[in-house]
Amino acid sequence: MSGPRGVFASEGPEPLPITIRLETPGDEPGVRRVHVAAFPGPEEAAIVDAIRQLAPAGWQSIVAVDRMGDIVGHVLLSPCPVEDGHGERVGEVLALGPIGVLPAVQFRGVGSALVTSALSLAIARGVPAIVLLGQPAYYPRFGFISARSCGLQPPADAWPDAAWMARLLPARRDELRGRVRYPEAFEPLA
Ligand SMILES: CC(C)(COP(=O)(O)OP(=O)(O)OC[C@H]1O[C@@H](n2cnc3c(N)ncnc32)[C@H](O)[C@@H]1OP(=O)(O)O)[C@@H](O)C(=O)NCCC(=O)NCCS
């Protein structure tokens, strides 16, 4: 089709038509396939398996499914207590990650749809904040800012400021300050 350039010219790859939904039984191999393809090693897929097995209260597993019904993206949300300086629990946040999209369909909006769905779910459930260790260039577009600047310390002091991020949600209270404890399943990444 011809047309004035700059008006009809595409800015990038077409968004992929997808459905976002919660994981259901039978999705496990598809979720594993996504993370094994998206990441260099098997650690991220193993974390998802471990959290699924533990099934801690409040965990969420969200998949992106294409028109064929195949899983093309996945994000995990894991509950993490926040402890004050005395080790007292002052609240709980959700850790976002791993998040992965099949390499063949990256940069087509799947990751963004997963992150925004995770935020919506957390808001609906009254979660005060989502935290993550991730690419500093990707998450600020969703409202993530420095987690330390919000008073949330990472599980390990070595986690870099730029990558340790938080998205504060409407249910956030001022008392929510302290160290975020990740589930043991994340230790391979610590
Ligand atoms: C990161 C990831 C989940 C993003 O999903 P996606 O579907 O490719 O991303 P989207 O299409 O929704 O968003 C595309 C935008 O994000 C940016 N982006 C994608 N991956 C990025 C990355 N790793 N770092 C910085 N920006 C990134 C793109 O440049 C693009 O920006 P633009 O909208 O300004 O052009 C996906 O690329 C992926 O699985 N990567 C490999 C695994 C990984 O690194 N996971 C995240 C660890 S923090």
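Details of the structure are given in the entry above.
Residues numbered from 1 in each chain as written. Predicted model: local features only at pLDDT ≥ 70, side-chain atom pairs only at ≥ 80, totals over all residues.

**Q** Whenever I open this one, the packing of helix H1 (residues 28–38) against helix H2 (residues 43–54) confuses me. Can you help?
**A** Two quantities define a packed helix pair, namely the angle between the helix axes and the distance between the axes. Closest axis-to-axis distance for the H1/H2 pair is 7 Å, and the angle between their directions is 150°. On the basis of the axis angle, H1 is roughly antiparallel to H2. Every residue of H2 that contacts H1 at Val-31, Arg-32, His-35 and Val-36 is listed here: Glu-44, Ala-45 and Val-48. Of the residues assigned to the contact of H1 with H2, the class counts are four nonpolar, one polar and two charged. (Axes fitted to C-alpha atoms, helices over the stretch in contact; angles between N-to-C directions. Helix = DSSP H or I, 4+ residues; strand = E, 2+ residues; numbered from the N terminus. Parallel < 35°, antiparallel > 145°, perpendicular 65-115°, else oblique. Contact = placed C-beta atoms within 7 Å. Nonpolar A, V, L, I, M, F, W, Y, C, P; charged D, E, K, R; others polar.)

**Q** Where do I start with helix H3 (residues 110–124) in this structure?
**A** Residue pairs three or four apart in sequence face the same way in an α-helix, which turns once every 3.6 residues. A rise of 1.5 Å per residue sets the reference length of H3, with its 15 residues, at 21 Å; its end C-alpha atoms lie 21 Å apart and thus fit the reference within 8%. Restricting attention to buried positions, one finds in H3 the residues Val-110, Gly-111, Ala-113, Leu-114, Val-115, Ala-118 and Ala-122. On its buried face, H3 is in contact with strand E1 (19–22), strand E2 (60–65), strand E3 (71–83), strand E4 (89–101) and strand E5 (129–133). In the stretch just after H3, Gly-126 is the one whose phi turns positive, near 75°. (Expected span 1.5 Å × (residues − 1). Buried ≥ 20, exposed ≤ 12 C-beta atoms within 10 Å, placed from the backbone.)

**Q** Honestly, H2 in this entry has me stumped. Any pointers?
**A** Over its twelve residues, H2 extends 16 Å from the first C-alpha to the last, a length consistent with the 16 Å expected when each residue adds 1.5 Å. Next to the buried residues of H2 lie H1, E3 and E4. Of the residues flanking the end of H2, it is Ala-55, one or two places downstream, whose phi is positive at about 45°.

**Q** Where do I start with the nonpolar core in this structure?
**A** If you look at the biggest cluster of nonpolar residues, it comprises 48 residues, and the most contacted ones within it are Val-75, Val-93, Leu-96, Leu-114, Ala-118, Ile-130 and Val-131. At the level of elements, H1, H2, E2, E3, E4, H3, E5 and strand E8 (164–168) are the ones that each hand at least two residues to this core. A per-element tally of this core places E3 first, with seven residues. Once residues within four sequence positions are removed from consideration, Leu-114 is found in contact with Ile-20, Ile-62, Ala-64, Gly-73, Val-75 and Ile-99. (Core = buried A, V, L, I, M, F, W, Y, C linked by C-beta atoms within 7 Å.)

**Q** Sorry if this is basic, but what is going on with the environment of Arg-173 here?
**A** Here Arg-173 lies in the loop between E8 and strand E9 (178–180). Distance from Arg-173 to Tyr-138, taken between C-alpha atoms, is 26 Å for residues 35 residues apart in sequence.

**Q** Where do I start with unusual backbone geometry in this structure?
**A** A negative phi angle is the norm for most residues apart from glycine, just as the trans form is the norm for most peptide bonds. Look at the link from Gly-97 to Pro-98: it is a cis peptide, with omega at -5°. With a phi close to 45°, Ala-55 is a non-glycine residue in the positive phi region. Relative to the helices and strands, Ala-55 resides in the loop between H2 and E2. With phi around 65°, Phe-107 is a residue other than glycine that occupies positive phi space. On the secondary structure map, Phe-107 appears in the loop between E4 and H3.

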